[in-house]
Structure formats: C-alpha cells, structure tokens
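What follows is the residue order along each chain.
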Amino acid sequence: MRTYKVSFAHRASLLDAADLAAVAELINSNDPLSGGRRREAFEAAFSAYTGTRHALSVTSGTVALEIAIRLLGLEPGDEVIVTPQTYHATIQALLEQQVRVTFCDVDPSSLNLDPAALASLIGPRTRAVVLVHYGGLPADMDRITALARAHGAVVIEDCAHALGASYRGRMPGSLGDIGCFSFFATKNITTLGQGGMLTFHRDDWADRVRQVRDNGVDGRFVPLGMVEEPVPATLPWMKFHGGAYQRACVDVIRTGTNANMPEAAAGVGLSQLAKLGHLIDRRRQIASRLDSVVDRFSAVRPHRAPPDAEHAHHLYTFFTDAGSDARDHLVRELDSRGVEVQLRYFPLHLRPEWRRHGHGPGECPVAEDSWFSRHVNLPCHPGLSDDQVEFLVQALAESLTAVLTGVRRAAIDDTVRQGHG
Ligand SMILES: *Cc1c(COP(=O)(O)O)cnc(C)c1O
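For clarity, every value in this text was computed on a predicted model and none was experimentally measured.

**Comments concerning the sheet that holds strand β4 (residues 126-132)**
Then, number 1: In space, the seven strands of this open sheet follow the order β1-β8-β7-β5-β4-β2-β3, with mixed pairing throughout. Each end of this open sheet is capped by a strand with a single partner; those strands are β1 (54-58) and β3 (100-103). Strand after strand, the sheet turns through a mean of 20° between neighbouring axes, direction not considered.
Then, number 2: Examined bridge by bridge, strand β2 (residues 79-82) and β4 share four bridges and lie parallel to one another. Directly across from Val-82, in β4, lies its bridge partner Val-130.

Right, here's the structure in full:
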C-alpha cells in the first residue's frame, strides 16, 4: 500500500492522555464492562449537547441507522425519499424493506438534499426522508422539515459528519425527527474506533431502542401459569423459583439485536465529547487555509456554510467547473505530490445493489455531475501536523496552478487551431 505525505483520514479523531485515563479508570474499577454508569453519563452529555430529549448509544453509526429505519415500522407500498450523495450505510437498511425508495437530487454547491427537488417528489405515500449533512455542512433543514411535516413524513438525519456543526443555532440530530451519529475512528469524535448514537425526542422510541439494542423481544408476555397449551413455556419447578420466571413470552412480534456500547467506549466518548470544540476548531482552521487557496482561482469554488450555519468540516470539499478532464488532472497532480484524495461518495443510485432495484443513471443529474466531473475531497482532520497542513496548502496551490493554467492554455490552443487566434 502506498504511503502518502498527507493521508486522507488515518485516525482522524485524536486520542490522548485523558482518553487513556478513562479506560484505565474503568479497568482499575470493579464496574461492569457494559451497561454501566459511563454509558449513562455519555448519553446524558450527548443529549444535553444536541438538545434532544433522548440520546441512546449503540455500537456503530450503521446500526443507529438500521434501528432508526426499524422505528418507522414501514409497510409495503410506503415510499422513502433519500439522498444519493452519502455513504452506502445511510440507506442500506432500506434494501430489506418492501418499500419504494426514491432518490432525490442534491444542491450543486452543498451536495445536500435539494429542497426544491424534494418538493417535486414528496407525496401522500412518503413516510420518511433520509438525508445526510454532507461533509459536516448542515442541510437546509427548515425547508426540508416543513415539507416533510406537511406530508406526515419522518426525517432521519445521518449526522455521521455533522457532530460539531450547527444550523440556525441548533444542532444536527435535533433538526429532524431522528439523528444518527457515528463514532468510527475517522469521525469527529471516536469511541475507541466504533460506536454510534441515536437522538430524538419521543419516549416510545426510547423504550423501543433500549429494547432492540439489548436483544429485547417485542412480544406478548403473560404471567406464569397462564401459558397456553400445547407448549408450556415453563417447567414445574420454575413456579417456586422467584423473579426470573414470572413471565413467559408466548408470541414474538419482533426480535432485537445486541448493540450495547461497551463501557470502555462510552468512557472514551465522554472524554472525546469534552474536547469536541478543540477538534472542530482544528478542522475549521485547516479548512480555512485551504479555502484561501481555492478563493484565489476563479474556476474552483469552496464548499462553504451559509451565514446561519457552521460547518464541522468532517470532509474538506471544493468544486472545479473546468470539466472532468481538469478534475481528474487535478487529482493526479495532488496524488503525485503525496496528497491522498478520496472522492466521497459514489452516487448511491448507481451502485449495483440499487441498480438491481431498478435505479440508474439520469435519476440525479447533479449528484452524478458532481461525482464524475466536479468535486474533490482533501484531507482535513486534527491528526494532521502543522507541517502537513503547510505541505497540503502548498500542494493544493501548485496543483491548481498547474491544472488551471493548463486548461487556459488548452483553450487558447483550440482557438488558434480553429483559426480564430
Ligand atoms: C461513517 C458513516 C456511517 C456509518 O457509521 P459507522 O459507525 O462506520 O457504521 C454512515 N453514514 C455516513 C455518512 C458515514 O460517514
């Protein structure tokens, strides 16, 4: 594997002595290793931060999204409208549901779900809208939630990039109906490599999530002695045994899973959350250095937050309007200088699992055009040293100069060839 001078996102969320102390404190205690006070404390701090009544931790962002989709209780014939410009885990749980999935195009300068496109798609069958705050830039949530409310649809926010962002003074995860966060190693904070969180206000959902994540069965329970034949769920001696066998499940409606966040992860999450401000400041500092390079060139545009929102810069994104050849050339120039570029994300409606469901090219022209011709993602994370940031800034300036000067020259050559020079 090639090593880069500036890698895209290796261990983007820094772990430090305070995180280590949180783990040591657990190991030196007699506390349980899961389901203990650290998880409770992390969830309480998280719900206070996002401003949601509930914050319930799970083992990954993917599982948070799966559980969120389960909470909807979708039925055959329901429609869910989704963004194509995100990581595939945002919507993959919908593959197992008998629902119609409609991809809604994105806005070309934010890459977030376009409210105007949503307005033309949403209808009486729409039960939910699933979106992401791309790269940590909040989507236009007031317009989106107004449309969803008017149609009785639930809004699920994939906040995997958006911890530390804000929108009109409010936090992602509190803007729609359900927020899903990831604490994977490269996210804005990490719970020792894996973890996730659901945020929402509804108490019935909280009961259900607590049940689902702890292998709880959603079923019909009856007191012992009332278990119907022909298969009694209890043995005779259990009647005298006390607490454990007082109820028997006679009908399983839905099973759960094990998605309990371990105490070590929760302890580190609490410690990381306390540093979130510093981690995001560093991301913003790097992004503003890169923006100032991008701003010097007229053929490229930054991915910038509007005045009423704050970008968390999970991803650093910019756009070139000089055509797909120029974009590809730019990526090669950056790569040859030792800067790792990873384009995020291939439009989901073009992936094989969604093509199999009848989706394909032309459904979301803006998302397709951006991926194939315009957008570039650069490394931008607190794991970068000052020297690496200087190197990155320099490499970007050189690459843009090389490519965009080349583009101008090619255009002039063309004019000359056509005899208009
Ligand atoms: C990382 C990520 C996820 C999945 O989170 P995991 O914790 O890795 O399972 C979902 N959606 C987006 C947009 C992500 O970036």
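There's more to say after this.
**So, the site of the ligand**
Then, number 1: The full set close to the ligand counts 16 residues, and Gly-61, Thr-62, Asp-158, Ser-182 and Lys-187 are the nearest of them.
Then, number 2: Within the contact set of the ligand, an oxygen atom lies 2.9 Å away from a side-chain nitrogen or oxygen of His-161.
Then, number 3: Contact distances for the ligand include 3.4 Å between an oxygen atom and a side-chain N or O atom of Tyr-345.
Then, number 4: Against a free-state accessible area of 380 Å², the protein chains account for coverage of 93% of the ligand.
Then, number 5: Taking a 2 Å distance to the grid points as the criterion, the majority of the atoms of the ligand fall inside the largest pocket.
Then, number 6: No other element matches helix α3 (residues 61-71), which puts three residues into the shell around the ligand.
Then, number 7: Grouping the constituent residues of the shell around the ligand by class yields six nonpolar, eight polar and two charged.

**Overview of α3**
Then, number 1: Across the 11 residues that make up α3, a large majority, eight, are buried.
Then, number 2: Where α3 is concerned, the buried positions are Gly-61, Val-63, Ala-64, Leu-65, Ile-67, Ala-68, Ile-69 and Leu-71.
Then, number 3: Looking at the buried residues of α3, the elements they touch are β1, β5 (154-158), β7 (178-182), β8 (196-200) and α6 (203-213).
Then, number 4: If you check the start of α3, you find a side-chain oxygen 3.3 Å away from the backbone N of Thr-62, and it comes from Ser-60.
Then, number 5: Just past α3, the residue Gly-73 takes up positive phi, approximately 55°.

**Details of the packing of helix α1 (residues 17-27) against helix α7 (residues 263-273)**
When two helices pack together, their arrangement is given by the angle between their axes and by how far apart the axes lie.
Then, number 1: Running from amino to carboxyl end, α1 crosses α7 at an angle of 145°, the nearest separation of the two axes being 8 Å. For the pair α1 and α7, the sense of crossing is right-handed. For the pair α1 and α7, the contacting residues are Ala-18, Asp-19, Ala-22, Val-23 and Leu-26 in the first and Glu-263, Ala-264, Gly-267, Val-268, Ser-271 and Gln-272 in the second.
Then, number 2: By residue class, the composition of the contact of α1 with α7 is six nonpolar, three polar and two charged.

**As for the pattern of salt bridges**
Then, number 1: Scanning all chains against the criterion turns up 29 salt bridges.
Then, number 2: Of the charged contacts, one joins Lys-275 and Asp-16 as a salt bridge, the two residues approaching to 2.8 Å between their closest N and O atoms. With Lys-275 in the loop between α7 and α8 (276-294) and Asp-16 in the segment before α1, this residue pair connects regions lying 259 residues apart in the sequence.
Then, number 3: For Lys-275, a relative accessible area of 14% corresponds to the buried category.
Then, number 4: We classify Asp-16 as partly exposed; its relative accessible area is 35%.
Then, number 5: Of the charged contacts in the structure, one is a salt bridge between Arg-143 and Asp-140, with a shortest N-O distance of 3.4 Å.

**Section: the packing of aromatic side chains**
Then, number 1: Counted according to the given criterion, the structure contains nine aromatic pairs.
Then, number 2: Relative to Phe-181, the ring of Phe-46 lies with its centre 4.9 Å away and its plane at 80°, an arrangement referred to as edge-to-face. On the criterion of sequence distance, the pair formed by Phe-46 in helix α2 (residues 37-50) and Phe-181 in strand β7 is long-range, its members being 135 residues apart.
Then, number 3: Owing to a relative accessible area of 0%, Phe-46 belongs among the buried residues under this scheme.
Then, number 4: Judged by its relative accessible area of 2%, Phe-181 is buried.

**Thoughts on α2**
The periodicity of an α-helix, 3.6 residues per turn, causes residues three or four places apart in sequence to face the same way.
Then, number 1: For α2, with 14 residues, the first-to-last C-alpha span of 20 Å sits near the 20 Å given by 1.5 Å per residue.
Then, number 2: Within the sequence span of α2, burial applies to Arg-38, Arg-39, Phe-42, Glu-43, Phe-46, Ser-47 and Thr-50. The arc that holds every buried residue of α2, seen down its axis, measures 160°, which confines them to one face. For α2, the exposed residues set more than 90 degrees away from the buried face come down to Glu-40 and Ala-48.
Then, number 3: Each element contacted by the buried residues of α2 is listed here: α1, β1, β7, β8, α6 and α7.
Then, number 4: Positive phi appears at Gly-51, one or two residues downstream of α2, with a value of about 75°.

**Re the layout of surface pockets**
Then, number 1: Considering only enclosed or pocket space, the largest pocket measures out at about 620 Å³ in volume.
Then, number 2: Every residue lining the largest pocket is counted, 34 residues in all, and those nearest its centre are Tyr-87, Phe-184, Thr-186, Lys-187 and Arg-344.
Then, number 3: Every element with two or more residues in the lining of the largest pocket is listed here: α3 and β7.
Then, number 4: Sorting elements by how many residues they give to the lining of the largest pocket places α3 first, with three residues.
Then, number 5: Looking at the lining of the largest pocket, its residues break down into 13 nonpolar, 15 polar and six charged.
Then, number 6: Residues lining the lining of the largest pocket come from more than one domain, with at least three contributed by each of domain 1 (17-215 + 258-273) and domain 3 (274-420).

So, how was this worked out
Chains are numbered independently. Their residues run from 1 in the order of the written sequence. Side-chain atom pairs in this predicted model are given and counted only at pLDDT of 80 or more, local residue features only at pLDDT of at least 70, and totals for whole chains, interfaces and linings cover all residues. In computing side-chain values, all of the structure's heavy atoms are included and hydrogens and water are not. For two strands to count as paired, DSSP must find a minimum of two bridges between them. The secondary structure listing takes helices from DSSP runs of H or I that are at least 4 residues long and strands from runs of E that are at least 2 residues long, numbered from the N terminus. Under this scheme, a helix contributes an axis fitted over its contacting stretch, all axes are lines through C-alpha atoms, and angles between N-to-C directions fall in the 0 to 180 degree range. By convention in these notes, a residue is near a molecule or strand provided one of its non-hydrogen atoms lies within 4 Å of it. Here a polar contact means two N or O atoms within 3.5 Å. Within protein one must be a hydrogen donor candidate and the other an acceptor candidate, and residues neighboring in sequence count only if both atoms are side-chain atoms. Reported accessibility uses the Shrake-Rupley method at a 1.4 Å probe radius. Residues are deemed covered only where the shown protein chains occlude them. Computed over the protein atoms alone on a 1 Å grid, cavities are sets of points where a 1.4 Å probe fits but cannot get out and pockets are open sets with protein on both sides within 12 Å along at least five of seven lines; a residue lines them when it has an atom within 4 Å of a point. For a cavity or pocket, the test is whether more than half of a molecule's atoms lie within 2 Å of its grid points; if they do, the molecule sits there. Polar here means any residue outside two lists: the nonpolar Ala, Val, Leu, Ile, Met, Phe, Trp, Tyr, Cys and Pro, and the charged Asp, Glu, Lys and Arg; Gly therefore counts as polar. Here's how the labels work: a residue is buried when its accessible area is under 20% of the maximum for its type, exposed when over 50%, partly exposed in between, all with a 1.4 Å probe on protein chains only. When checking whether two residues touch, look at their non-hydrogen atoms; a contact exists if any pair is within 4.5 Å. Throughout, a crossing is termed right-handed when the near helix is turned clockwise from the far one, and left-handed when it is turned anticlockwise from it by less than a right angle. Only one rule defines a salt bridge in this text: a Lys or Arg side-chain nitrogen within 4 Å of an Asp or Glu carboxyl oxygen. Classification of ring pairs uses Phe, Tyr and Trp, with its six-membered ring standing for Trp, and accepts pairs whose centres are within 6.5 Å; under 30 degrees between planes counts as stacked, over 60 as edge-to-face, and the remaining range as tilted. Expected span of a helix, by definition, is 1.5 Å for each gap between consecutive residues, and there is one gap fewer than residues. Arc, as used here, means the arc of the directions from the helix axis to the C-beta atoms. Grid points are joined across faces, edges and corners, and a volume is the space filled by probe spheres set on the points. Just so you know, the domain bounds were taken from an automatic or database domain assignment.

Read these as spatial facts, not as claims about activity.
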